[in-house]
Amino acid sequence: HVFFVYPKKSMEERKKDIDAEIRARVLSAGGQYDNVDIRASLIWNSHNDLDLHVIPPSGEHIYYAHKQSACQGWLDVDMNVRGETEKPVENVRWGRGLAPAGRYQIYVQNYRHHDAPDHATPFKVELEVNGVIEHFEGVIPPGQSGTGSNQVIATFDYDPAARDVRAPKKDSSYDAYSDEVILAQWGSVLPAGHILRIEDPTTIVEVLLGGLAIASGSRTL
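Residues numbered from 1 in each chain as written. Predicted model: local features only at pLDDT ≥ 70, side-chain atom pairs only at ≥ 80, totals over all residues. Heavy atoms only, no water.

(A) Spatial organisation of the overall build of the protein. The helix and strand tally for the protein stands at three helices and 10 strands. What you see in the protein, going N to C, is helices and strands ordered as β-α-β-β-β-β-β-β-β-β-α-β-α. Since a compact globule built from 221 residues should have a radius of gyration of about 17 Å, the 22 Å found for the protein marks it as more spread out than a globular shape. Projected onto the principal axes, the alpha-carbon positions of the protein cover approximately 70 × 45 × 30 Å. The buried share of the protein, taken over its 221 residues, is 38%. Sequence separation of at least 24 residues holds for 70% of the intrachain contacts in the protein that already meet a minimum separation of 6. When the accessible surface of the protein is summed, it comes to about 12100 Å², and 54% of that surface belongs to carbon and sulfur atoms. (Helix = DSSP H or I, 4+ residues; strand = E, 2+ residues; numbered from the N terminus. Rg over C-alpha atoms; globule rule 2.2 N^0.38 Å. Buried < 20%, exposed > 50% of the residue type's maximum accessible area, 1.4 Å probe, protein only. Contact = heavy atoms within 4.5 Å. Areas by Shrake-Rupley, 256 points an atom, 1.4 Å probe, with all protein chains shown as cover.)

In structure tokens:
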């Protein structure tokens, strides 16, 4: 007796749930997540020492050995130098009104293995530019480290004049979380009567108890 309970939420609410992990890691590490022109946040789930690198228009190289640039860029979170956590994050950002115009390049490097080198290291990068957020995923293949592991995430031209232009931009990384996709996936393995859509999330407990009553064939529990 398998039931799928699906509470109603807007896509904006679902996006916040999806993105909560990156935001939580940046803030708990003391990094700046909000009120930025440009922000690149990297997360992965191992002890390996992945590094976030950014080349701004000035040509400076922002990374662990040069965390603050003359153009106001700052790597304000740098983790796993000694492999201290399985939930690391790195964060490079320009505060609101500080990012200069020009071309930026962002890439990820596995500086050092702290876990077994025969395992791949998946990672995610969240890039915010003038309030528009995009997501990227990648994998450092087994055994790769140093410059040989470099993976370019994004290259883009930044225009400070667009700071106050917040035109919506479709981010396809959220497509898999739409109601239609999720319900269709569950509908392929469960009968329609076992997919329970509820308007009020506070009634989840009552819905679960109702599902147990249906499954047991009794009117009460």
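Still more to cover.
(B) A look at the environment of Lys-8. Assignment of secondary structure puts Lys-8 in the loop between strand S1 (4–7) and helix H1 (11–28). Ignoring sequence-local partners within four residues, the contact set of Lys-8 consists of Arg-14, Ile-198, Glu-199 and Pro-201.

(C) Layout of the packing of aromatic side chains. Per the counting criterion, the structure on display carries seven aromatic pairs. Ring geometry for Trp-94 versus Tyr-104: centroids 5.2 Å apart, planes at 90°, classification edge-to-face. With a gap of 10 residues between them, Trp-94 in strand S5 (residues 89–95) and Tyr-104 in strand S6 (residues 102–112) connect regions that are remote in the sequence. We note that Trp-94, like Tyr-104, is buried. (Phe/Tyr/Trp six-rings, centres within 6.5 Å; stacked < 30°, edge-to-face > 60°.)

(D) Spatial organisation of the nonpolar core. Among the nonpolar cores identified, the biggest contains 25 residues, and Trp-94, Phe-123 and Phe-156 are the most heavily contacted of them. Elements with a contribution of two residues or more to this core: strand S2 (36–44), strand S3 (49–55), S5, S6, strand S7 (121–129) and strand S9 (151–158). Excluding residues that lie within four positions of it along the chain, Phe-123 makes contacts with Leu-42, Ile-43, Trp-44, Leu-50, Val-108, Phe-136, Glu-137, Gly-138, Val-139, Ile-140, Gln-151 and Ile-153. In this structure, Tyr-33, Val-77, Met-79 and Val-89 belong to the second largest nonpolar core, which totals seven residues. (Core = buried A, V, L, I, M, F, W, Y, C linked by side-chain atoms within 4.5 Å.)

(E) Local environment of the sheet that holds S7. The sheet built from five strands is open, its strands ordered S4-S5-S2-S7-S8 with antiparallel pairing. The sheet is open, and its two borders are formed by strand S4 (74–77) and strand S8 (132–140), each paired with just one other strand. The average undirected angle you get between the axes of adjacent strands in this sheet is 20°. (Pairing = 2+ DSSP bridges. Axes fitted to C-alpha atoms, helices over the stretch in contact; angles between N-to-C directions.)

(F) Quick peek at the pattern of salt bridges. Under the criterion given, the structure shown has 10 salt bridges. The closest approach of N and O atoms between Asp-157 and Arg-103, which form a salt bridge, is 2.8 Å. Of this pair, Asp-157 sits in strand S9 while Arg-103 sits in strand S6, and the two are 54 residues apart along the sequence. Taking relative accessible area as the criterion, Asp-157 reaches 53% and is therefore assigned exposed. According to the relative accessible area criterion, Arg-103 is exposed, its value standing at 51%. (Salt bridge = Lys/Arg side-chain N within 4 Å of Asp/Glu carboxyl O.)

(G) The sheet that holds S9, seen in detail. An order of S3-S6-S9 is seen for the three strands of this open sheet, with the pairing classed as antiparallel. Only two strands of the sheet have a single partner each, and these edge strands are S3 and S9. With strand direction ignored, the average angle separating the axes of adjacent strands in the sheet is 20°. The pairing of S3 with S6 spans seven bridges and is antiparallel. Note on S6: the bridge partner recorded for Leu-50 is Asn-110.

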